[in-house]
Amino acid sequence: EMDLLCFPAVTQHELDVGPYFTTLVVAADPDTGVHNLSWHRLMVKGPDRGGIFIVPRHLWDFYRRAEARGEELPVAYILGHHPAFLEGASWTLAIEESEYDLIGAQLNEPVRVTPSECWGDKLLVPADAEVVFEGVIMPKVRAPEGPFSEWTGYYCPERLSPVFELRAITSRQAPIMVNKVMGHHPHKDRLGVYGMEATALKRIREIVPDVIALNLAGYH
């Protein structure tokens, strides 16, 4: 009975290949168990399949290590939570640090988590999420994903990307779901921008130490 198509994925721009969920993924380091949260788009390919584009950061590192062992990587898509939760997940921490801790600091209380339906304590999901898609990123499987209108204002081209397989859905009775509007859009929010600005500013200062501040102007 699980069906991604029962939830409001969005085709945001004219040349997008189709409907997407643009929201958070939580995964646990396959070696240390440290949890990571990050934004990753999910292209809906069918009732229980999706193409996931993974940028080369922590989730990619988790996936490549699991894939090298021929193992699936358990993940959960989080569709909706407190705004501070969504914003906190955009920060780039060290791989041994968890965004759950940073978000707890922003909320001034620990993030409530609960064992996942499929993997128990090995993957802890936020207890106050609106909707959770539990599933795996499959090893050694790639499929076309894109084009998609990204935050830079340009379309990302079609590419071969890993595949997400749905295993379970949990949801509130009347969930308030969040999809992040990408591209240049007059009503797009600033969720995720503060973390991007902080990370970019840190990198820029490594090259130009005198830089005082940074503003991603397209997000006014």
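Residues numbered from 1 in each chain as written. Predicted model: local features only at pLDDT ≥ 70, side-chain atom pairs only at ≥ 80, totals over all residues. Heavy atoms only, no water.

1. Description of unusual backbone geometry
Part 1: Glycine 146 connects to proline 147 through a cis peptide bond whose omega is 5°.
Part 2: One non-glycine residue, asparagine 108, lies in positive phi territory at about 65°.
Part 3: When you line up the elements, asparagine 108 lands in the loop between α3 (99-107) and β5 (113-116).
Part 4: Residue class for asparagine 108 comes out exposed when judged on its relative accessible area of 71%.
Part 5: The backbone phi angle of lysine 140 is positive, close to 60°, even though this residue is not glycine.
Part 6: Structurally, the position occupied by lysine 140 is in strand β7 (residues 131-145). (Helix = DSSP H or I, 4+ residues; strand = E, 2+ residues; numbered from the N terminus. Buried < 20%, exposed > 50% of the residue type's maximum accessible area, 1.4 Å probe, protein only.)

2. Quick look at the sheet that holds strand β3 (residues 49-52)
Part 1: Strand order in the closed barrel formed by 6 strands is β1-β2-β3-β10-β7-β4, and the pairing between neighbours is antiparallel. Going from strand to strand, the sheet's axes swing by 45° on average, the running direction of each strand aside.
Part 2: Sheet topology note: the strand β1 (residues 20-28)/strand β2 (residues 35-46) ladder contains 9 bridges and is antiparallel. Bridged to alanine 27 within β2 is asparagine 36.
Part 3: Along the sheet, helix α1 (residues 58-68) makes contact with β1, β2, β3, β4 (73-78), β7 and β10 (159-171), crossing β7 at roughly 65°. (Pairing = 2+ DSSP bridges. Axes fitted to C-alpha atoms, helices over the stretch in contact; angles between N-to-C directions. Contact = heavy atoms within 4.5 Å.)

3. Topic: the pattern of salt bridges
Two side chains bearing opposite charge may form a pair once their charged atoms approach each other closely.
Part 1: Taken as a whole, this structure holds 13 salt bridges when the rule is applied.
Part 2: Among the ionic pairs, arginine 65 bridges to aspartate 31, the shortest N-O distance being 2.6 Å. Of this pair, arginine 65 sits in helix α1 while aspartate 31 sits in the loop between β1 and β2, and the two are 34 residues apart along the sequence.
Part 3: A relative accessible area of 23% places arginine 65 in the partly exposed class.
Part 4: For aspartate 31, a relative accessible area of 45% gives the class partly exposed.
Part 5: For glutamate 165, the salt bridge identified is with arginine 167, shortest N-O distance 2.7 Å.
Part 6: By relative accessible area, which is 31% here, arginine 167 ends up partly exposed.
Part 7: A network of salt bridges, in which partner residues are shared, links Asp29, Asp31, Asp61, Arg65 and Arg69. (Salt bridge = Lys/Arg side-chain N within 4 Å of Asp/Glu carboxyl O.)

4. Some points on the pairing of β1
Part 1: Across the 9 residues that make up β1, a large majority, 9, are buried.
Part 2: In textbook terms, the turn of a hairpin is the stretch between consecutive antiparallel strands, and for β1 and β2 this stretch comprises 6 residues, one of which, glycine 33, has a positive phi near 80°.
Part 3: Where β1 lies against β4, 4 bridges are found, and the strand directions are antiparallel. The residue bridging valine 25 from the neighbouring strand is tyrosine 77, located in β4.

5. Thoughts on the packing of aromatic side chains
Each aromatic ring pair is specified by the distance between its two centres and by the angle formed by the two planes.
Part 1: Applying the stated rule across the entire model yields 6 aromatic pairs.
Part 2: Each ring, one from phenylalanine 21 and one from phenylalanine 133, has its centre 5.3 Å from the other, and the planes form 80°; the classification is edge-to-face. You can see phenylalanine 21 sitting in strand β1 and its partner phenylalanine 133 sitting in strand β7, a full 112 residues away along the chain. Side by side, phenylalanine 21 and phenylalanine 133 carry an identical accessibility label, which is buried. (Phe/Tyr/Trp six-rings, centres within 6.5 Å; stacked < 30°, edge-to-face > 60°.)

6. A few points about the environment of alanine 68
Part 1: Looking at where alanine 68 falls in the secondary structure, it is placed in helix α1.
Part 2: Judged by its relative accessible area of 66%, alanine 68 falls in the exposed class.
Part 3: For alanine 68 and methionine 177, which are 109 residues apart along the polypeptide, the C-alpha to C-alpha distance reads 34 Å.

So far we have only geometry, and geometry alone does not tell us how the molecule works.
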